[in-house]
Amino acid sequence: MGRAPAGTDAQESLVLGALWGANRIFRWLALGYAAWGAWARREDMVHPAAVAAVFAGLVVWSAVAHLANRRDLGSQLVELLLACTAVYATRWFDTPAAAYEGVTTIPGVWQSVPVVSVALILGWRGGLLAALVVSAVMVAQVGRLDAEPFSNAGLQLLLGTCVGVAADVARKENRELREALRRQAELVERDRLARTVHDGVLQALAFIHRRGLDLGGEAAGLGVLAGEQESRLRALVSGESPERVQPRGERPVDLRGYLHPAATGTTALVAPAEPVLVSAHLATELAAAVQAALDNVRGHAGPGARAWVLVDDLGADLTVTVRDDGVGTSQAALDDARARGRLGVAVSIRGRVEQLGGTATYRFGPGRGTTVQLWVPKGRAVAGGR
């Protein structure tokens, strides 16, 4: 194979490859046909020796082009220049009928070779432009507007445009075929990975998910986390969006188990004696909002500040209150923090609760601590979590 032109696809279309191969053969057949025609009219030529020299140059170039098999635009433009030179040389060296009536030219149909080559590289626009160049030289060689040169020019224009269109279509189809093969290879690899992951990791996560929900308490939180990771992993290996793949067999969970890790050190959890059953999604989001509020207590309430997390199950809805006895804050301080890009209150707390259909209410004042009350309707939260 010859060198591919710069900027072309690494994997060439089979159709383009076949057209390039046909053009290599056509180069020699066209040259032989032109030589036979020149030999037939040698007696009437003005300078037969000069015509022989032109053919010698075309033979040398054809041999070099055949061996190198280059498919870059630069080489084809050089061949186009040689073809135009040989065409115009007809005016000086060939018979009067060829020179001034446009019956034929020294290279004959060989002048179509670079037109086809340029069309294969640049498409129909390039083929049309190359054909126009050759046609202009053919008309200039005759020296007047006549039927013969125009007829030959028309054939060049048709050839360059049609071959260019075929090249454009082949190149487009080749890109689409490679894209389809790439997608097919991705699907095969995804199926292989899915089988491997399903036989090991997914089954283990599914087991942890079920057992955690059965055990309740802190284990329920671990079970839900395992279920979420199972869902994301299933989405990854199946190509689905993670939001569309949810844990299998999701059941209500005890919110107390999700909030229990917060009851450490200077933080106390006050919750009902009975389980507070909510959706896993609601429990996860509320626990994250509570943790963000406690992070604010640890970071801004001052040394030695204590905090309480109070859970009230109101049946149709519930409230979770985070209260501290720290130095307190103000609305201006919260607005300033948000302006500086610190979005704990705006995003981690209010944003989470509002997405659940609830509200986050702040009560604060300098020296009076801070209270955050999170209210969420259970029904809407459960629907949002599924």
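Residues numbered from 1 in each chain as written. Predicted model: local features only at pLDDT ≥ 70, side-chain atom pairs only at ≥ 80, totals over all residues. Heavy atoms only, no water.

Colleague: Help me understand the overall build of the chain in this model?
Modeller: Secondary structure assignment for the chain yields 12 helices and 7 strands. Counting the 386 residues in the chain, one finds 40% classified as buried. The long-range fraction of contacts in the chain, counting pairs at least 24 apart against all pairs at least 6 apart in sequence, stands at 68%. Looking at the chain as shown, the accessible area adds up to about 20600 Å², and 61% of this sits on carbon and sulfur atoms. (Helix = DSSP H or I, 4+ residues; strand = E, 2+ residues; numbered from the N terminus. Buried < 20%, exposed > 50% of the residue type's maximum accessible area, 1.4 Å probe, protein only. Contact = heavy atoms within 4.5 Å. Areas by Shrake-Rupley, 256 points an atom, 1.4 Å probe, with all protein chains shown as cover.)

Colleague: Teacher, can you tell me more about the packing of aromatic side chains here?
Modeller: Any aromatic ring pair is given by two values, namely how distant the centres are and how the planes are angled relative to each other. The tally for this structure, following the rule as stated, stands at 3 aromatic pairs. Taking the centre distance of 5.4 Å and the plane angle of 80° together, the rings of tyrosine 88 and tryptophan 92 count as edge-to-face. A residue pair is termed a helical-turn pair when its members lie 3 or 4 positions apart in one helix, as tyrosine 88 and tryptophan 92 do in helix 3 (residues 73–93) at 4 residues. For tyrosine 88, a relative accessible area of 29% puts it in the partly exposed group. (Phe/Tyr/Trp six-rings, centres within 6.5 Å; stacked < 30°, edge-to-face > 60°.)

Colleague: Any chance you could explain the packing of helix 2 (residues 48–68) against helix 3 here in plain terms?
Modeller: Two packed helices can be described by the angle between their axes and the distance between those axes. Axis separation between helix 2 and helix 3 bottoms out at 10 Å; the angle between their running directions is 170°. With respect to helix 3, the axis of helix 2 lies roughly antiparallel. Of the two elements, helix 2 crosses helix 3, and the hand of that crossing is left-handed. When helix 2 is examined against helix 3, the residues Ala50, Val51, Val54, Leu58, Trp61 and Ala65 are found in contact with a partner set consisting of Ser75, Val78, Glu79, Leu82, Ala86, Ala89 and Phe93. Looking at the contact of helix 2 with helix 3, its residues break down into 11 nonpolar, 1 polar and 1 charged. (Axes fitted to C-alpha atoms, helices over the stretch in contact; angles between N-to-C directions. Parallel < 35°, antiparallel > 145°, perpendicular 65-115°, else oblique. Left-handed = near helix turned anticlockwise from the far one by under 90°. Nonpolar A, V, L, I, M, F, W, Y, C, P; charged D, E, K, R; others polar.)

Colleague: Would you mind showing me how to read the pairing of strand 4 (residues 307–313) here?
Modeller: Consecutive side chains of a regular strand alternate in pointing toward one face of the sheet and then the other. Sheet topology note: the strand 2 (residues 267–270)/strand 4 ladder contains 4 bridges and is parallel. Paired with valine 270 across the bridge in strand 4 is leucine 310. Where strand 4 lies against strand 5 (residues 317–324), 7 bridges are found, and the strand directions are antiparallel. Along strand 5, the bridge assignment pairs valine 311 with valine 320. Remark: 3 residues form the turn of the hairpin made by strand 4 and strand 5, two consecutive strands paired antiparallel; glycine 315 in that turn has positive phi of roughly 90°. (Pairing = 2+ DSSP bridges.)

Colleague: Help me understand the sheet that holds strand 5, please; the structure alone is not making it clear to me.
Modeller: Across a sheet, paired strands are connected by hydrogen bonds in the backbone, their directions being either parallel or antiparallel. The strand order across the open sheet formed by 5 strands is 2-4-5-7-6, and the pairing between neighbours is mixed. What marks the edges here is a single partner per strand, and that holds for strand 2 and strand 6 (359–364). Across the sheet, the mean angle separating the axes of adjacent strands is 15° when strand polarity is ignored. In the sheet, strand 5 pairs with strand 7 (residues 370–377) via 7 bridges, with the strands oriented antiparallel. Within the sheet, the bridge partner assigned to threonine 319 lies in strand 7 and is tryptophan 375.

Colleague: Looking at this structure, I do not really get the packing of helix 1 (residues 14–40) against helix 5 (residues 112–142). What am I missing?
Modeller: At their nearest, the axes of helix 1 and helix 5 sit 10 Å apart, and the two run at 170° to each other. Here helix 5 runs roughly antiparallel to helix 1, going by the angle between their axes. Between helix 1 and helix 5 lies a crossing of left-handed hand. In this structure, helix 1 uses Leu16, Leu19, Trp20, Asn23, Phe26 and Arg27 to contact helix 5, whose residues at the interface are Ser112, Val113, Val116, Ser117, Leu120 and Ile121.

Colleague: How should unusual backbone geometry be read in this particular structure?
Modeller: Positive phi is not limited to glycine here, since asparagine 69 has a value of about 50°. Counting through the fold element by element, asparagine 69 comes out in the loop between helix 2 and helix 3.

Colleague: What exactly am I supposed to notice about the nonpolar core here?
Modeller: Grouped burial of nonpolar side chains is what soluble globular proteins tend to show. If you look at the biggest cluster of nonpolar residues, it comprises 34 residues, and the most contacted ones within it are Leu255, Val320 and Leu374. Put simply, the parts of the chain that give this core at least two residues each are helix 8 (255–259), helix 9 (280–300), strand 4, strand 5, helix 11 (344–355), strand 6 and strand 7. Broken down by element, the residue count for this core peaks at 11 residues, all from helix 9. (Core = buried A, V, L, I, M, F, W, Y, C linked by side-chain atoms within 4.5 Å.)

Colleague: What is the right way to read helix 2 from this model?
Modeller: Each α-helix turn comprises 3.6 residues. Residues three or four places apart therefore point the same way. Counted at 1.5 Å a residue, the expected span for helix 2 with its 21 residues is 30 Å, and the 30 Å between its end C-alpha atoms agrees. Along helix 2, the residues that are buried comprise Val51, Val54, Phe55, Leu58, Trp61, Ser62 and Ala65. Viewed along the axis of helix 2, the buried residues span an arc of 125°, placing them on a single side of the element. Residues Ala49, Val60 and Leu67 are exposed on helix 2 and point more than 90 degrees away from its buried face. For helix 2, the elements touching its buried residues are helix 1 and helix 3. Count one or two residues on from helix 2 and you reach asparagine 69, which has phi positive near 50°. (Expected span 1.5 Å × (residues − 1). Arc of directions from axis to C-beta.)

Colleague: Can you help me understand the pattern of salt bridges in this one?
Modeller: Pairing between side chains becomes possible if they bear opposite charge and their charged atoms approach one another. One pass over the structure, following the stated rule, counts 11 salt bridges. Measuring nitrogen to oxygen at the nearest pair gives 3.0 Å for the salt bridge that ties glutamate 285 to arginine 352. Taken together, the positions of glutamate 285 in helix 9 and arginine 352 in helix 11 put the pair 67 residues apart, joining distant regions of the chain. Its relative accessible area of 16% is what places glutamate 285 among the buried residues. With a closest N to O distance of 2.8 Å, aspartate 313 and lysine 378 form a salt bridge. Separated by 65 residues along the polypeptide, aspartate 313 in strand 4 and lysine 378 in helix 12 (residues 378–385) bring together distant segments of the chain. Relative accessible area serves as the criterion here: at 32%, aspartate 313 is assigned to the partly exposed category. Here the residues in one salt-bridge network are Glu179, Arg182 and Arg183, joined through shared partners. (Salt bridge = Lys/Arg side-chain N within 4 Å of Asp/Glu carboxyl O.)

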